[in-house]
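# Per-entry structural report
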Amino acid sequence: MRDMSVIIEGGQPQRGQGGGQGAPAVPLDAQAVRDAYRRWAGVYDTVFGFISAPGRMRAVAAINALPAERVLEVGVGTGLALPHYTPAKRVTGIDLSPEMLEVARRRAQDGMPATIEALLEMDAEAMTFPDASFDAAVAMFVASVVPNPRRMMAEMRRVVRPGGTIMLVNHFLAPKPGIRRGLERIVAPFSRALGWHPDFAMDTVLSPAQMAAATLQTCNPLGLFTLVTVPRDVV
Ligand SMILES: C[S@@+](CC[C@H](N)C(=O)[O-])C[C@H]1O[C@@H](n2cnc3c(N)ncnc32)[C@H](O)[C@@H]1O
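### Concerning the overall build of the protein chain
Helices and strands together make up the secondary structure of the protein chain, namely seven helices and eight strands. Across the 235 residues that make up the protein chain, the buried fraction comes to 52%. In the protein chain, 72% of the contacts between residues at least 6 apart in sequence involve partners at least 24 apart. Entry remark: accessible area of the protein chain is about 10,300 Å², with carbon and sulfur atoms responsible for 60%.

This is the structure we're talking about:
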């Protein structure tokens with residue numbers, strides 16, 4: 001896989017919540033997320049496990065390479081990433097969906113190389129952790145699901161210590177017009193049923209300063225997903 005490791009340029013918001021490409025056309029709320037993932041929980045690993053694996057593995061490898069010990073996984077879902085953290089990590093996972101967490105807890109019971117400190121039902125937009133509780137936070141395939149992604153980012157910044165690292169893996173709206181962006185716009189009206197936004201632009205979650213400071217790495221399959229690494233101290 002090609003490692004782009006590019007620094008991207010910041011842009012001025014043009015449409016929607018803070019974004020040049022604009023906020024997704026169909027808003028999701030917490031209840032829509034819970035409803036969607038109640039339905040997905042039993043089949044999530046089968047339906048999404050394979051396609052999301054390269055992005056997830058890349059993010060966990062990046063987290064493992066950090067000197068970070070205390071790691072927060074936001075939107076831990078069924079815990080597919082949990083077996084891949086190294087023994088040096090102490091991982092806490094949170095999720096809005098009790099059904100997804102139930103699968104994660106069953107997975108964690110099998111024993112993990114890392115210490116799984118807690119798997120908690122908690123809203124990523126209103127976490128109950130004290131400030132600076134973690135060395136790093138990662139949200140994999142979550143930013144386009146949460147009702148207010150900027151609020152999630154603000155919370156991730158708050159609970160990560162100064163000097164720490166924030167990572168996102170997500171599918172982002174194609175930056176330029178073309179077949180891919182056209183397809184993403186066509187599928188967008190089904191966001192509530194899907195439980196995520198196919199038309200999710202990167203500047204919906206990142207501020208212009210974070211966009212400018214972010215390191216981007218494309219992930220398979222077909223470069224559909226992007227690992228975004230942002231220094232915690234950039235606002
Ligand atoms: C597409 S799944 C990704 C799961 C997991 N990160 C993975 O890599 O497979 C999105 C997850 O985000 C969770 N989620 C959505 N909104 C959330 C919120 N506000 N707070 C916490 N979790 C949330 C959903 O319940 C779901 O489990």
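### Points about unusual backbone geometry
Across the junction of Asn 220 and Pro 221, the peptide omega takes the value 0°, indicating a cis bond. With respect to the helices and strands, Pro 221 occurs in the loop between strand E7 (215–219) and strand E8 (225–231). Positive phi, normally seen in glycine, also occurs at Ala 132, with a value near 55°. Residue Leu 222 is not a glycine yet carries a positive backbone phi of 60°. Locating Leu 222 in the fold gives a position in the loop between E7 and E8. Residue Leu 222 is classed as exposed on the basis of its relative accessible area, which comes to 78%.

### What to know about the site of the ligand
As a structural note, the neighbourhood of the ligand is formed by 19 residues, with Tyr 44, Gly 75, Asp 95, Ala 124 and Met 140 the closest of them. The contact in question runs from a nitrogen atom of the ligand to an N or O atom on the backbone of Gly 75, over 2.7 Å. Contacts to the ligand include Ala 124, whose backbone N or O atom sits 2.8 Å from a nitrogen atom. Expressed as a share of its isolated accessible area of 600 Å², the protein-covered part of the ligand is 98%. Mapped onto the shell around the ligand, the elements with two or more residues apiece are helix H1 (30–40) and helix H2 (44–65). When its residues are assigned to classes, the shell around the ligand shows 13 nonpolar, three polar and three charged.

### A few points about a nonpolar patch on the surface
Where nonpolar side chains cluster on the molecular surface, the patch consists of Ile 179, Leu 183, Ile 186 and Val 187 and spans about 420 Å² of accessible area. Mapped onto the elements, Ile 186 comes out in helix H5 (residues 179–187).

The rules behind the values
Residues numbered from 1 in each chain as written. Predicted model: local features only at pLDDT ≥ 70, side-chain atom pairs only at ≥ 80, totals over all residues. Heavy atoms only, no water. Helix = DSSP H or I, 4+ residues; strand = E, 2+ residues; numbered from the N terminus. Buried < 20%, exposed > 50% of the residue type's maximum accessible area, 1.4 Å probe, protein only. Contact = heavy atoms within 4.5 Å. Areas by Shrake-Rupley, 256 points an atom, 1.4 Å probe, with all protein chains shown as cover. Near = heavy atom within 4 Å. Polar contact = N/O pair within 3.5 Å; in protein donor to acceptor, adjacent residues only side chain to side chain. Nonpolar A, V, L, I, M, F, W, Y, C, P; charged D, E, K, R; others polar. Patch = residues over 30% accessible without salt bridge, like charges linked within 9 Å, V, L, I, M, F, W, Y side chains within 5 Å. Salt bridge = Lys/Arg side-chain N within 4 Å of Asp/Glu carboxyl O.

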